[in-house]
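Listed below, chain by chain, are the residues.
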Amino acid sequence: MPAYALYHHPYSICSIMVRYSFALRGPPKDPSSDMTLDARVVDMMNGEQLEEWFLCDVNPKGQVPVLVSTLPGSAPMADSKAITYHLAELYPNLQMPDTPSARELFERLHAINYFSLSFSGKPSVMKDANANMERRLTDPSISDRYRQALSYKIGVNEREKISALEAGEPERQREIARVFLDECATLLTQGAAGKWLFYERPTMLDAHLVPFLARLLDLGRFDEIIPQPLREYAKRAMSEPEWESVMQGRSTVMW
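Residues numbered from 1 in each chain as written. Predicted model: local features only at pLDDT ≥ 70, side-chain atom pairs only at ≥ 80, totals over all residues. Heavy atoms only, no water.

Colleague: What am I meant to see in the overall build of the protein chain here?
Modeller: Along the backbone of the protein chain there are 11 helices and three strands. For 255 residues, the compact-globule estimate of 2.2 N^0.38 gives 18 Å, and the C-alpha radius of gyration of the protein chain, at 19 Å, lies within 12% of that figure. Counting only C-alpha atoms, the protein chain reaches 65 × 50 × 35 Å along its principal axes. With 255 residues in all, the protein chain has 46% of them scored as buried. (Helix = DSSP H or I, 4+ residues; strand = E, 2+ residues; numbered from the N terminus. Rg over C-alpha atoms; globule rule 2.2 N^0.38 Å. Buried < 20%, exposed > 50% of the residue type's maximum accessible area, 1.4 Å probe, protein only.)

Colleague: Honestly, the environment of glutamate 89 in this entry has me stumped. Any pointers?
Modeller: Along the chain, glutamate 89 falls in helix H3 (residues 80-90). The exposure class assigned to glutamate 89 is partly exposed, which follows from its relative accessible area of 48%. Here the alpha-carbon distance between glutamate 89 and proline 28, two residues 61 residues apart in the chain, equals 8.9 Å.

Colleague: So what exactly am I meant to see when it comes to the packing of aromatic side chains here?
Modeller: Each aromatic ring pair is characterised by the separation of its centres together with the angle its planes make. Tallied over the full model, the rule gives 10 aromatic pairs. Both rings, one in tyrosine 7 and one in tryptophan 53, keep their centres 5.8 Å apart while their planes meet at 50°; by these two values the pair is tilted. Of the two residues, tyrosine 7 sits in strand S1 (residues 3-8) while tryptophan 53 sits in helix H2 (residues 52-57), which places them 46 residues apart along the sequence. A relative accessible area of 11% means that tyrosine 7 is categorised as buried. What makes tryptophan 53 partly exposed here is its relative accessible area of 34%. Look at tyrosine 85 and phenylalanine 106: their rings are 5.3 Å apart centre to centre, the planes differ by 75°, and that puts the pair in the edge-to-face class. Taken together, the positions of tyrosine 85 in helix H3 and phenylalanine 106 in helix H4 (residues 100-111) put the pair 21 residues apart, joining distant regions of the chain. What makes tyrosine 85 partly exposed here is its relative accessible area of 29%. Judged by relative accessible area, which is 0%, phenylalanine 106 ranks as buried. Feature note: the residues Tyr7, Trp53 and Phe54 constitute an aromatic cluster, connected by ring pairs. Looking at lysine 161, its charged tip hangs above the ring of phenylalanine 115, at a distance of 4.9 Å from the centre. Of note, arginine 250 hangs over the ring of tyrosine 11, and the distance from its end group to the ring centre comes to 5.9 Å. (Phe/Tyr/Trp six-rings, centres within 6.5 Å; stacked < 30°, edge-to-face > 60°. Lys NZ or Arg CZ within 6 Å of the ring centre and 35° of its normal.)

Colleague: I would appreciate a short explanation of the packing of H4 against helix H8 (residues 169-190) in the present structure.
Modeller: Any two packed helices are characterised by the angle at which their axes cross and by the distance between the axes. One way to put it is that H4 packs onto H8 with a least axis distance of 10 Å and a crossing angle of 150°. Considering the angle they form, H4 stands roughly antiparallel to H8. For H4 against H8, the interelement crossing comes out left-handed. On H8, the residues touching Leu105, Arg108, Leu109 and Ala111 of H4 are Gln173, Val179, Phe180, Glu183, Cys184 and Leu187. (Axes fitted to C-alpha atoms, helices over the stretch in contact; angles between N-to-C directions. Parallel < 35°, antiparallel > 145°, perpendicular 65-115°, else oblique. Left-handed = near helix turned anticlockwise from the far one by under 90°. Contact = heavy atoms within 4.5 Å.)

Colleague: Where do I start with the pattern of salt bridges in this structure?
Modeller: Note that side chains of opposite charge can pair when their charged atoms are close. On inspection of all chains with the given rule, the structure shows 14 salt bridges. With a closest N to O distance of 3.6 Å, arginine 136 and glutamate 51 form a salt bridge. Of this pair, arginine 136 sits in helix H6 (residues 124-137) while glutamate 51 sits in the loop between strand S2 (36-41) and H2, and the two are 85 residues apart along the sequence. With a closest N to O distance of 2.6 Å, glutamate 175 and arginine 178 form a salt bridge. Residue glutamate 175 and its partner arginine 178 are located together in helix H8, separated by three residues, close to a single helical turn. Because the salt bridges share partners, they merge into one network encompassing Glu52, Asp57 and Arg145. (Salt bridge = Lys/Arg side-chain N within 4 Å of Asp/Glu carboxyl O.)

Colleague: Which parts of the structure should I look at to understand a nonpolar patch on the surface?
Modeller: Side chains of Met45, Met254 and Trp255 sit close together on the surface and give an oily, nonpolar patch of about 330 Å² of accessible area. For methionine 45, the position within the fold is in the loop between S2 and H2. A relative accessible area of 54% places methionine 45 in the exposed class. (Patch = residues over 30% accessible without salt bridge, like charges linked within 9 Å, V, L, I, M, F, W, Y side chains within 5 Å. Areas by Shrake-Rupley, 256 points an atom, 1.4 Å probe, with all protein chains shown as cover.)

Colleague: What's the story with the sheet that holds S2 in this structure? I'm lost.
Modeller: The mixed open sheet is built from three strands, whose spatial order is S2-S1-S3. Of all the strands in the sheet, just S2 and strand S3 (66-69) have a single pairing partner and so form its edges. Direction aside, the axes of adjacent strands within the sheet are offset by 25° on average. Across six bridges, S1 lies against S2 in parallel orientation. The residue bridging tyrosine 7 from the neighbouring strand is arginine 40, located in S2. (Pairing = 2+ DSSP bridges.)

This is the structure in structure tokens:
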């Protein structure tokens, strides 16, 4: 049975998406595809994602989730979409219909900037994080590879995070999310399955959409963009044991 370590944080939305996908996975396609998963929490509140071991050996972007195989020579998989596509290869119940429209919806969900929506009005979040890394760079004792990794991570934050909170960007992301959710609501209400988006069983899109809806609901400022059918869909999903096994009664936000 292949063994993997999943580096995650309990309040990272992409981590929740991957862990919920694993909870919903169903049976493996064959015995050799079944996997064990060692979930390892990265203490992002205390900057563990900025430590040398993580930036240099796990994910240079300093983000979670990251899936690491224990097999020698295996490269870390540091993208929630890629991890979930991998899970769906091993566990066919997660697979969506093999259509361009299904794949497009999954990609569009991940084209939404969750950081922009989650931290709207809090521009100091990433500026403080970069200031922390810049202080680390002043330490003459750090290794060259760690210095390079910190510099790279600072650039990632500037390109992908700080810009996401600039004036007008959260509002643009909100509108993108509204259009996407309207289409998902139409799919849910017009589809034959009813309970989930495509089938009587959840697929990888359901496994990622439910955490996204949970995040919007927990933030408490997106009521008008969540259609009522999706509210009921999310409430039903979050009442089931797979969601509880991941969240254990927690909110998706801690601020």
